Every structure is written in C-alpha cells, then in structure tokens.
Amino acid sequence: MAYDDLRGFLQALDEEGQLVRITDEVMPEPDIAAAANAAPRLGDAAPALYFDNVYGFNGARIAMNVHGSWANHALALGLPKQTGTKEQVEEFIRRWDAFPIPPEWRDDAPWAQNSVEGEDVNIFDVLPLIRLNDGDGGFYLDKAAVISRDPDDPGNSGKQNVGVYRIEVKGKRKLALQPVPMHDIAQHLRNAEEKGEDLPIAITLGNDPVISIVAATPMEYDQNEYELAGALRGAPAPVTKAPHTGLPVPWGSEVVIEGVIEGRKREIEGPFGEFTGHYSGGRKMTVVRIDRISYRTDPIFEHLYLGMPWTEIDYLMAANTCVPLYEQLKREFPEVQAVNAMYTHGLVVIVSTGKRYGGFAKAVGMRVLTTPHGLGYAATVIVVDEDVDPFNLPQVMWALSTKMNPSGDLITLPNLSVLELAPQAITPGITDKLIIDATTPASPDGRGNYGNPVRDLPEADEWLTKLRHLVK
C-alpha cells in the first residue's frame, strides 16, 4: 500500500499495533526525546510514538520513532511487519529495478491550508520545537526533506535533490543548515555562490514515509529521489509546486518552509548529538532565510531522535544505504553478492563478493570508497567471500578470524575525505580509511591453507525447516 501522507501512515501503524499514543501530560524536555531514545530498545517491532498532551503547548502534536523499527520500516514499504531485515533489503533491490517512475503532479495540497510570508513568519508559532539531547545548541529540524536544484541546470529534474540535513533554528525566520560537502545540495550551493546568488530551497516536514526514506538515500548526482519513491511505492509519488520557489515538493507534507540559503553567509551552528553517538562541535554553517511557511491546520511535527545506536535514524538509513551501494558496485563487479551498510550509517560497509583473481576483493573495497556514499561516510570496508552472508555477523566474524592475515590483508589509505561529524578524524573532514580483505586468497595469491573447508551437511536445510516447526 502506498501512503500519500504521514497521517495515513500513522493510521496504518495504529491499526497494526505499531503506534503508541501517549495521553498523559509530558514535559517537552526531556520526556519526548527520552521516550524516543528508549523506544528502539523494545526491539525490531518497536512502535512509533504520538504525543498530543505536551506541557506548555496548545494543541501540539508530535510524532517520534515513526521509522524506528524493522516492523515500521516494513510497513512503510507496504510489506508485512514481520518481514526480516535481509528480506527487506532484497525487496528494496527488486523495487529498484523499476526505477525511475516519474512523479504524479497534483493540485490542492493539504499543506496549503494556511500560510504566512515575509516579516510575519515566525516558525515558533507553527512548530512545537524541542531539544533532543541536553547538550544540543538549540532546537533542530532533523527529519525534514530539503529540496533544491542545480542553478547551472535548473530544468534538469535529475539534478534536483531531495535530502535530509540537520537544521538548527536560529530565529523566527532564520535557520542554519549543514550541507555536507559530498552531498548534492553542497554542489548546488557552490554553483549558486560562484554566480553570486542565493540558493532557493524548500524544507518539508511531516512527509509520507517513503519520502523520508529516499531523502536519506545516497543516490548518484543525476538521479531523482521522487522517481525512486515511485519505484518503492509501486505508484507515482504525488508532488506539487511550492508557491514561492516553484520547487517540486511532496504533496502530502504537514509543513512546507520556503526561502533561500544566503550566498557566502555563514554562522556558528551546533553542537548537536549526532548519529555517531557523539556530539559534534559548533562550526560555521550556512544561513537560511525563511520567506514563507505553509502548513496544514494543526500540523503534526515529526521529529527524530539521534544518539547512541540503535535509534530511529539507524533504521531509516539502513536498507537505503545498502541498496544503492549494491547497485553501484554490481554494475562494475557482477561478482558482488550483497552489501551490508547498516551500521552507524555505513561508516562500516561489509561486502560479499566472488573473485576473478588474486587481489580482486581489495579492488572491490577500493571502489566502495569512491561511491557517493563511500566518499563521505565509509571509513572501514570489510570484504568477505560470496558464501559469507554480510548480514550474519557471526559469519563475518568467522571470516575475519580465519581469512584475514594482517601482513597483507589490511590496506590503509591515508588522508581521504569523510564527513566532518566523524569523531575518529583527527582533522575534521579527513581521515585514513581501511579495507579489510577477509576473503579466501585466489590464484595467483597462494597464501594460507584453505584446501579443506567444512561445508554444511546437505540435510541441514531440511532439518532447519523441521526444527522451526517444532519450536513454534
């Protein structure tokens, strides 16, 4: 089933027993963030949370942990909530084959019910803003989709971007946005600033669940996120034109903020508790001027807690990081079998692959580091044989224990790019990266003694099926 807005998905979660309504009065801080921090610890079927009785706010409605479990992620894709992790990744790959599916243009967007412009804009009047972690430098919008276009080629829908970036609220009509240099919006901004121009953007909150997934997907520069959303939904993604910027925005959003990133203007942003499980410090970041806010009556503010994994972001940025990496590697290395980039947004990537000849696995690992994701995120790549399941960590640890020889299988590449948030970097934005070859050596590499592997007994699969029935 394809959901056109957040409200429809929340209703579906409720019907599936995957939404908990918190009816008791709660404090905006720390209760809401603490509950969202705790929820994923309930396991792979953790529910979304819905608050509508928040002390100090009139009529605030806040949704948290909407994608914060494999059950909720499955429902977002229209799958049964019991669908396993590996099966969801495999289904994601199958749906990718339908990409691209052009979006469907619609009129009468629900977020057009109310609007304010210019000096009348006050974001505090529209959103019930809260801090997530006690060390955060301010209020953040951390689950918004940001839409921008390449100013050098504005008519090219492939070079349009829908991305998720952390956004700090700096004033009633001023925001700070962090464009990671490897992300498409950073290239759009660079092109605008070279022309001496501001970059028009739209920021949408409370989006349908697939928009949030594709906005967090590391696609190639000329690939359109709305066209991927159509493939994942199995139906064209509904979009409409934002009234102030003319940018294509999701039809079903709760709130649409329009304005510009002001060219060559930077202010201190941060600190913020990040997906790495660490605070990032304050840095000079871009400044957004809000020119218009449009919103549904009584909008639902969807927020996302970040901190020590696993939290909602680790589910949101799991399958959609694995799959584009798989697709990009598979084009050049058909031997690649699977990619697991689920851990801490793919700072570690595990790839299983066949090998044509000695040294081949190391080449696969190096290619990971030059993908759109690898350039900014992947710091360690582990390559395993094609018969090792990269989603099965005991198997991966077995490969590391028995196939990796430090004398020749650890490849350190110095001074490569990484996002500035990576805490292991001595100089923010630069780090050494590591490829671990945990595959069986292939000719002419004759190291080790791998001639007599133990294989599963032929009857093991049949017995596994029997045992599963017996233990139900």
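The structure this text deals with has already been given above.
What comes next is a walk through the structure. These figures come from a predicted structure and were not determined experimentally.

About the thresholds
Residues numbered from 1 in each chain as written. Predicted model: local features only at pLDDT ≥ 70, side-chain atom pairs only at ≥ 80, totals over all residues. Heavy atoms only, no water. Helix = DSSP H or I, 4+ residues; strand = E, 2+ residues; numbered from the N terminus. Rg over C-alpha atoms; globule rule 2.2 N^0.38 Å. Buried < 20%, exposed > 50% of the residue type's maximum accessible area, 1.4 Å probe, protein only. Contact = heavy atoms within 4.5 Å. Areas by Shrake-Rupley, 256 points an atom, 1.4 Å probe, with all protein chains shown as cover. Core = buried A, V, L, I, M, F, W, Y, C linked by side-chain atoms within 4.5 Å. Phe/Tyr/Trp six-rings, centres within 6.5 Å; stacked < 30°, edge-to-face > 60°. Lys NZ or Arg CZ within 6 Å of the ring centre and 35° of its normal. Lys, Arg positive; Asp, Glu negative; His and termini not counted. Salt bridge = Lys/Arg side-chain N within 4 Å of Asp/Glu carboxyl O. Patch = residues over 30% accessible without salt bridge, like charges linked within 9 Å, V, L, I, M, F, W, Y side chains within 5 Å. Axes fitted to C-alpha atoms, helices over the stretch in contact; angles between N-to-C directions. Parallel < 35°, antiparallel > 145°, perpendicular 65-115°, else oblique. Left-handed = near helix turned anticlockwise from the far one by under 90°. Nonpolar A, V, L, I, M, F, W, Y, C, P; charged D, E, K, R; others polar. Pairing = 2+ DSSP bridges.

### Regarding the overall build of the protein
Then, in step 1: Counting its regular elements, the protein contains 15 helices and 23 strands.
Then, in step 2: Relative to the globule expectation of 23 Å for 472 residues, the C-alpha radius of gyration of the protein, 23 Å, shows essentially globular dimensions.
Then, in step 3: For the protein, the C-alpha atoms occupy an extent of roughly 75 × 60 × 40 Å along the three principal directions.
Then, in step 4: A burial count over the protein gives 56% of its 472 residues as buried.
Then, in step 5: Within the protein, contacts between residues separated by at least 24 positions form 72% of all contacts whose residues are at least 6 apart in sequence.
Then, in step 6: When the accessible surface of the protein is totalled, it reaches about 19,500 Å², and 51% of it is carbon and sulfur.

### Re unusual backbone geometry
Then, in step 1: Between G270 and P271 the backbone carries a cis peptide bond, its omega angle lying at -5°.
Then, in step 2: Note on placement: P271 falls in the loop between β14 (255-269) and β15 (272-273).
Then, in step 3: Going from P309 to W310, the amide bond is cis rather than trans, its omega being 0°.
Then, in step 4: A positive phi angle, near 50°, is found at T344, a position not held by glycine.
Then, in step 5: Locating T344 in the fold gives a position in the loop between β19 (336-340) and β20 (348-353).
Then, in step 6: You will see that H345, though not glycine, has its phi angle at about 50°, which is positive.
Then, in step 7: By the element assignment, H345 lies in the loop between β19 and β20.
Then, in step 8: By relative accessible area, which is 8% here, H345 ends up buried.

### Side note on the nonpolar core
Then, in step 1: With 133 residues, the main nonpolar core has I123 and L141 as its most contacted residues.
Then, in step 2: Residue contributions to this core peak at six residues, all from helix α10 (residues 319-332).
Then, in step 3: Those residues in contact with I123 that lie beyond four places of it in its chain are L129, L141, V169, G171, K172, L175, I257, I290 and I293.
Then, in step 4: Residues V396, A399, L400 and I436 belong to the second largest nonpolar core, which totals nine residues.

### Things to note about the packing of aromatic side chains
Then, in step 1: In this structure the tally under the stated criterion is 10 aromatic pairs.
Then, in step 2: Ring centres of F333 and F360 lie 5.5 Å apart, and the angle between their planes is 80°; on these two criteria the pair is classed as edge-to-face. Of this pair, F333 sits in the loop between α10 and β19 while F360 sits in helix α11 (residues 360-368), and the two are 27 residues apart along the sequence.
Then, in step 3: The class of F333 is buried, set by a relative accessible area of 13%.
Then, in step 4: Here the aromatic residues W70, W310, Y315 and Y343 are joined through ring pairs into a cluster of three or more.
Then, in step 5: We note R21 situated over the ring of Y50; from NZ or CZ to the ring centre the distance is 5.1 Å.

### Digging into the side chain of E227
Then, in step 1: With respect to the element layout, E227 can be found in helix α8 (residues 225-233).
Then, in step 2: The side chain of E227 sits in the buried core without any salt bridge; R149 is the nearest counter-charge, 12 Å away.
Then, in step 3: Residues within four places of E227 in sequence aside, it is in contact with F99, P100, I101, P102, P103 and S157.

### Re a nonpolar patch on the surface
Then, in step 1: A contiguous nonpolar patch, built from W463, L467, L470 and V471 and spanning about 470 Å² of accessible area, is present on the exposed surface.
Then, in step 2: Structurally, the position occupied by L467 is in helix α15 (residues 460-470).

### Focus on the packing of α10 against α11
Then, in step 1: As a packed pair, α10 and α11 sit with axes 10 Å apart at the nearest point and diverge in direction by 130°. Here α10 lies oblique to α11, going by the angle between them. Between α10 and α11 the crossing geometry is right-handed. For the pair formed by α10 and α11, the contact residues are L325, L329 and E332 on the first element and V364, R367 and V368 on the second.
Then, in step 2: By residue class, the composition of the contact of α10 with α11 is four nonpolar, no polar and two charged.

### Section: the sheet that holds strand β2 (residues 48-51)
Then, in step 1: Strand order in the open sheet made by the four strands is β1-β2-β3-β18, with mixed pairing throughout. With partners counted over all chains shown, the strands left at the sheet margins are β1 (19-22) and β18 (301-302), one partner each.
Then, in step 2: Here β2 pairs with strand β3 (residues 62-64) via three bridges, running antiparallel. Looking across to β3, one finds that L49 is bridged to M64.
Then, in step 3: Sitting on the sheet, helix α1 (residues 6-15) touches β1, β2, β3 and β18, and the angle it makes with β1 is about 100°.

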